[in-house]
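Listed here are the chains, written in short residue letters.
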Amino acid sequence: MSEKTAVTPESHPAPPAKFSHGVRKGNILQVAGQVGYLPAVAGQPPVTAGPGLREQTLQTLENVRSVLEAGGASWDDAVMIRVYLTDTAHFGEMNEIYNAYFDEQGVKVPAARTTVYVGLPAGLLIEIDALAVLG
Amino acid sequence: MSEKTAVTPESHPAPPAKFSHGVRKGNILQVAGQVGYLPAVAGQPPVTAGPGLREQTLQTLENVRSVLEAGGASWDDAVMIRVYLTDTAHFGEMNEIYNAYFDEQGVKVPAARTTVYVGLPAGLLIEIDALAVLG
Amino acid sequence: MSEKTAVTPESHPAPPAKFSHGVRKGNILQVAGQVGYLPAVAGQPPVTAGPGLREQTLQTLENVRSVLEAGGASWDDAVMIRVYLTDTAHFGEMNEIYNAYFDEQGVKVPAARTTVYVGLPAGLLIEIDALAVLG
């Protein structure tokens, strides 16, 4: 019987509903959709890293990484990264930021990825979730 | 060799294409995208629970639960819930309904979640799928 | 310790960013979002199978299959197929093509599926990714 555990980095604001930022069960770690919120400040509403794609993408990736690490994983365990953008015109810039980030992280085998263009709450340009396999 | 089995609750209308409402292979149970259709009536086309978000959300969650249970799982095994809405203005109300539902279900560790805003067939306001890890 | 390996069919153009067309770790094989690109020609930019939904859907399915097979899997191992369309009016035609394709492939237990309507880069009408469980 594998236990299901919630994964909640200290840096993260409480989710706006009954969901977990990350869940581990067996060898699976699922990271919930992350956005570009800065580390939480107690008693304050979430603040977005910046209005621009660069700041939001980097913060969002860091927020995913925090969940992975709080769950005992790293980017090297991520098998899938889902990127949600709001504008097809952002694809090229997001890729540049994404590539530089993962170069810097020294990830050996990049995760698979799907990028689609959806609606997001006002002010958010990107959302990312990830699936990791541990062990 | 883990067998792949289709999971089909009796309450569910036949899928509109060659896909399964749920599939189990090894310790993984994947629930296909569910919408707010009422339990199937033989020989009748699917009927949506209601025009409103509340009825559709609750029926959709029940439809996901039916697949989980037909596959030998429960909400406690769900690691990821993907919520597709059509309108960012529905986020707050959906969260209220979602929270009350899972309170009532007594789920100990909430699943991770991603919510994005997409197009859905006319009349549908919400679609939900889920990934569960068994055992 | 399960190793993470990238899965790259010879037919596939290099991804436009630091991601893998497929990733296997443990018994999980994740296929990245595939589109209707024809097999890669060295030194040439990707070319889409056709402007129409039929050509793109069939090529996209073949591209997913190539990744599954390069990863030691087949459609019989796929538990989830995510279909991204750009237009709800394409649902019926896509289903016809999808059904005929999987009839021809002789898949015993169809994968679960979620279909949603999103934005995609200009010229692309469909994107598909898949999750497979091996062994």
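- Within an unreviewed UniProt entry, the label attached to chain A reads RidA family protein, and the organism entered is Streptomyces polychromogenes.

Considerations on the relation of the copies chain A and chain C
Here the second copy of the chain follows from the first by a rotation about an axis and a shift along it.
Line of reasoning, step 1. Each copy superposes on the other: chain A lies on chain C with an RMSD of 0.0 Å after a rotation of 120° and an axial shift of 0.0 Å. This pairing of chains is accounted for by a three-fold axis. When each C-alpha of chain A is compared by its distance to the rotation axis, A:Val118 comes out closest, at 3.2 Å.
Line of reasoning, step 2. The share of interface residues of chain A whose copies in chain C are also at the interface is only 17%, consistent with the copies meeting through different surfaces.

A closer look at the interface of chain B and chain A
Line of reasoning, step 1. Facing the 30 residues of chain B at the interface are 27 residues of chain A.
Line of reasoning, step 2. For the pairing of chain B and chain A, the buried interface totals around 2200 Å² over both sides, and the portion due to carbon and sulfur atoms is 59%.
Line of reasoning, step 3. Joining chain B to chain A, the criterion identifies 3 salt bridges.
Line of reasoning, step 4. When the shortest N-O distance is used, the salt bridge between B:Arg82 and A:Asp129 registers 2.8 Å.
Line of reasoning, step 5. The tally of links from chain B across to chain A stands at 18 residue pairs in polar contact (both at pLDDT 80 or more).
Line of reasoning, step 6. For the side of chain B that touches chain A, the secondary structure elements donating two or more residues are β4 (78-85), α2 (91-105), β5 (112-117) and β6 (126-133) of chain B.
Line of reasoning, step 7. Grouping the constituent residues of the side of chain B that touches chain A by class yields 18 nonpolar, 7 polar and 5 charged.

What to know about the sheet that holds β4(B)
Residue and element names in this part refer to chain B.
Line of reasoning, step 1. Strand order in the open sheet formed by 6 strands is β1-β2-β3-β6-β4-β5, with mixed pairing between adjacent strands. Pairing within the sheet leaves two strands with one partner each, and these edge strands are β1 (4-7) and β5. Each strand axis lies, on average, 15° off the axis of its neighbour in the sheet, ignoring direction.
Line of reasoning, step 2. As defined by bridge partners, β4 adjoins β5 across 6 bridges and the pair is classed as parallel. In the strand pairing of β5, arginine 82 is matched with threonine 114.
Line of reasoning, step 3. Packing against the sheet, α2 makes contact with β4, β5 and β6, and its axis sits at approximately 155° to β5.

Calculation criteria
- Residues numbered from 1 in each chain as written.
- Chains lettered and ligands numbered in written order.
- Predicted model: local features only at pLDDT ≥ 70, side-chain atom pairs only at ≥ 80, totals over all residues.
- Heavy atoms only, no water.
- Least-squares fit on C-alpha atoms with pLDDT ≥ 70 in both.
- Contact = heavy atoms within 4.5 Å.
- Buried area = accessible area lost by both parts, 1.4 Å probe.
- Salt bridge = Lys/Arg side-chain N within 4 Å of Asp/Glu carboxyl O.
- Polar contact = N/O pair within 3.5 Å; in protein donor to acceptor, adjacent residues only side chain to side chain.
- Helix = DSSP H or I, 4+ residues; strand = E, 2+ residues; numbered from the N terminus.
- Nonpolar A, V, L, I, M, F, W, Y, C, P; charged D, E, K, R; others polar.
- Pairing = 2+ DSSP bridges.
- Axes fitted to C-alpha atoms, helices over the stretch in contact; angles between N-to-C directions.

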